[in-house]
Amino acid sequence: MDNLWGAIQTLSPRNKRWLANKLNEELNPPITKSKDEILRGLEQGVKEAKSGQTLSEEEFWAQLS
């Protein structure tokens, strides 16, 4: 493990940033949705709002967490 750390320390700042970004991508892959999924969600939200199905502020934030 010390050898690996030593090798990382010898990298240039640019290569260290690249490595850090690659490791971060592996640990936290981006969440992606297709354009159609996003549009369906927006359409559903508009329908719910028009029909009076709304959430309180607390319920809204609870769904996001």
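The coordinates are above.
This write-up is about the structure you can find in this document.

Across its full length, the chain carries four helices and zero strands. Along the chain, helices (α) and strands (β) appear in the sequence α-α-α-α when read from the amino end. Radius of gyration (C-alpha) of the chain: 22 Å, far over the 11 Å computed for a compact globule of 65 residues. In terms of overall dimensions, the chain has C-alpha extents of about 65 × 25 × 20 Å along its principal axes. Considering the chain as a whole, with its 65 residues, one finds that 0% of them fall into the buried category. Of the accessible surface of the chain, which amounts to about 6500 Å², a share of 57% is contributed by carbon and sulfur atoms. Of the charged side chains in the chain, 9 are positive and 10 negative; the average position of the first set lies 11 Å away from that of the second.

Before going further, it helps to spend a moment on the environment of Leu-23. Note on placement: Leu-23 falls in helix α2 (residues 13-27). For Leu-23, a relative accessible area of 48% gives the class partly exposed.

Going through the model one piece at a time under the given rule, you end up with one aromatic pair. Between Phe-60 and Trp-61, the ring centres sit 5.1 Å apart and the planes meet at 75°, which makes this aromatic pair edge-to-face. The class of Phe-60 is partly exposed, set by a relative accessible area of 41%.

Calculation notes
Residues numbered from 1 in each chain as written. Predicted model: local features only at pLDDT ≥ 70, side-chain atom pairs only at ≥ 80, totals over all residues. Heavy atoms only, no water. Helix = DSSP H or I, 4+ residues; strand = E, 2+ residues; numbered from the N terminus. Rg over C-alpha atoms; globule rule 2.2 N^0.38 Å. Buried < 20%, exposed > 50% of the residue type's maximum accessible area, 1.4 Å probe, protein only. Areas by Shrake-Rupley, 256 points an atom, 1.4 Å probe, with all protein chains shown as cover. Lys, Arg positive; Asp, Glu negative; His and termini not counted. Charge placed at Lys NZ, Arg CZ, Asp CG, Glu CD. Phe/Tyr/Trp six-rings, centres within 6.5 Å; stacked < 30°, edge-to-face > 60°.

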